[in-house]
Amino acid sequence: MSSLLDPPPTEAQSAVAESNRRPGLPRAAREGTLGAERVERRLAAILAADVAGYSRLMERDEAGTLARLRTLRRDLIDPKVAERKGRIVKTTGDGILIEFPSVIEAVACAVALQYGMATRNAAVALDQRIQFRIGINSGDVIVEDGDIHGDGVNIAARLEGIAEPGGICISGIVYDQVQGRLDCTFEDIGEPRLKNIARRVRVYRVGPKRPLADPPLVAGEGKVGAAFPTLALPDKPSIAVLPFQNISGDPEQEYFADGMVEEIITALSRIRWLFVIARNSTLTYKGQAIDLKRVGRELGVRYILEGSVRKGSGRVRITAQLIEAETGAHLWADRYDGSLEDVFELQDQVAIGVAGVIEPAMQAAEAARSASRPTSDLTAYDLYLRAYAMFLPPTKGRSGRL
């Protein structure tokens, strides 16, 4: 079965496929038995990538998504891989496996690809963007009929699985060889459990040093910069409600967590002076390890609301916290407990409660942020003080009016 990212088969590939269909010799005799014959091994840097939200994109516009992927393969992926001396081993639907002779080339290529994708996505709505997740590992691989196998390949695929959309995760062995040689940031995210990998692997997240500059290159090759775009903040206070985590251990409760987020977004959207990011734009972060500062830059918001849902014995506990994206400071946090007898009523109560508390919390934060700005215009400062007095509670000596 051919992949969406596959190029047309070459004559050599067709000949191999034909030889595999010839009768006579058993399959093991044609392909070689690993236990009885000497196999080819080599050390390689492995890059595994896939398209985040691929099923959603295909459901929305199958023909358009397919055409865009083919264009990306022709105009971006193939040229960048060739430039870094890589070899595309295979494509698997929405994924691609690439082999490089060195980890420096692999990481440099990954950053260049993500920069190219960020540039192309700058004018595309967030829920329509094609974003790659990339994992990179280095290790000994078995080469067979042009394909590569082994533990090193498996780890690269698992690293890709935990990377954020538009992000890059590398193993500790890769980090040891690239640190100081690429102008990127490397964030140690510990030793997360990788699916079907028994041993722990140290993982680093690769990031940009400066927004919207040239892609990072090998040290000494020229100007370097960042791989990801930054959206400008709107003129009024802005907030994004991220998907709530379902920590109850019951996958069936995902619907409740998603519904809770939708209700909160609806309630916040009724606040006229507040700019609220649509749910489809934040849904891409579901199930991902999130850097809130980066989310704030990507979505162009100053505030982020995140939370979790936990169910037990017919009751549910919902936690929520309001965070300033730029500083990471917690502005407000609370929890809500309720019964699951009437799910919709509970969601309404929590949404109204959260929105009611967040509105004054954000007003106070905006007032403090404005007050911290110095001004040399005494008239403007006088007007600010007179306006601020209108919002102060009236006292015996002050009616609250000018």
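Look up a bit, the structure's there.
Note that this is a predicted model, so its numbers are computed, not measured. (Residues numbered from 1 in each chain as written. Predicted model: local features only at pLDDT ≥ 70, side-chain atom pairs only at ≥ 80, totals over all residues. Heavy atoms only, no water.)

Quick word on the packing of aromatic side chains
Tallying each qualifying case throughout the model produces two aromatic pairs. Arranged with centres 5.5 Å apart and planes meeting at 70°, the rings of Tyr 175 and Phe 186 form a pair that is edge-to-face. Highlighted residues: Tyr 175 in helix H7 (residues 172-178) and Phe 186 in strand E7 (residues 185-188), separated in sequence by 11 residues. By relative accessible area, Tyr 175 is classed as buried at 18%. For the pair Tyr 175 and Tyr 204, a centre-to-centre distance of 3.9 Å together with 10° between the ring planes defines the contact as stacked. With Tyr 175 in helix H7 and Tyr 204 in strand E8 (residues 203-207), this residue pair connects regions lying 29 residues apart in the sequence. As far as the burial class goes, Tyr 175 and Tyr 204 line up, both buried. Here a set of aromatic residues connected by ring pairs shows up, and it is made of Tyr 175, Phe 186 and Tyr 204. (Phe/Tyr/Trp six-rings, centres within 6.5 Å; stacked < 30°, edge-to-face > 60°. Helix = DSSP H or I, 4+ residues; strand = E, 2+ residues; numbered from the N terminus. Buried < 20%, exposed > 50% of the residue type's maximum accessible area, 1.4 Å probe, protein only.)

What about the pairing of E8?
For E8, the buried fraction is high: five of the five residues fall into the buried class. Two elements, strand E6 (residues 168-171) and E8, share four bridges in a ladder whose sense is antiparallel. Residue pairing across strands places Ile 170 opposite Tyr 204, the latter belonging to E8. Alignment of E7 against E8, held across four bridges, turns out to be antiparallel. Of the residues in E8, the one forming a bridge with Phe 186 is Val 206. (Pairing = 2+ DSSP bridges.)

Considering empty space enclosed by the protein
For the structure on display, the rule yields four cavities of 30 Å³ or more. The computed volume of the second largest cavity comes to approximately 40 Å³. As for the second largest cavity, its lining consists of Leu 47, Ala 49, Ile 77, Ile 96, Ile 98, Leu 113, Phe 132 and Ile 134. Considered class by class, the residues forming the lining of the second largest cavity number eight nonpolar, no polar and no charged. (1 Å grid on protein atoms, 1.4 Å probe; cavity = no way out; pocket = protein on both sides within 12 Å on 5 of 7 lines; lining within 4 Å. Points joined across faces, edges and corners; volume = space filled by probe spheres on them. Nonpolar A, V, L, I, M, F, W, Y, C, P; charged D, E, K, R; others polar.)

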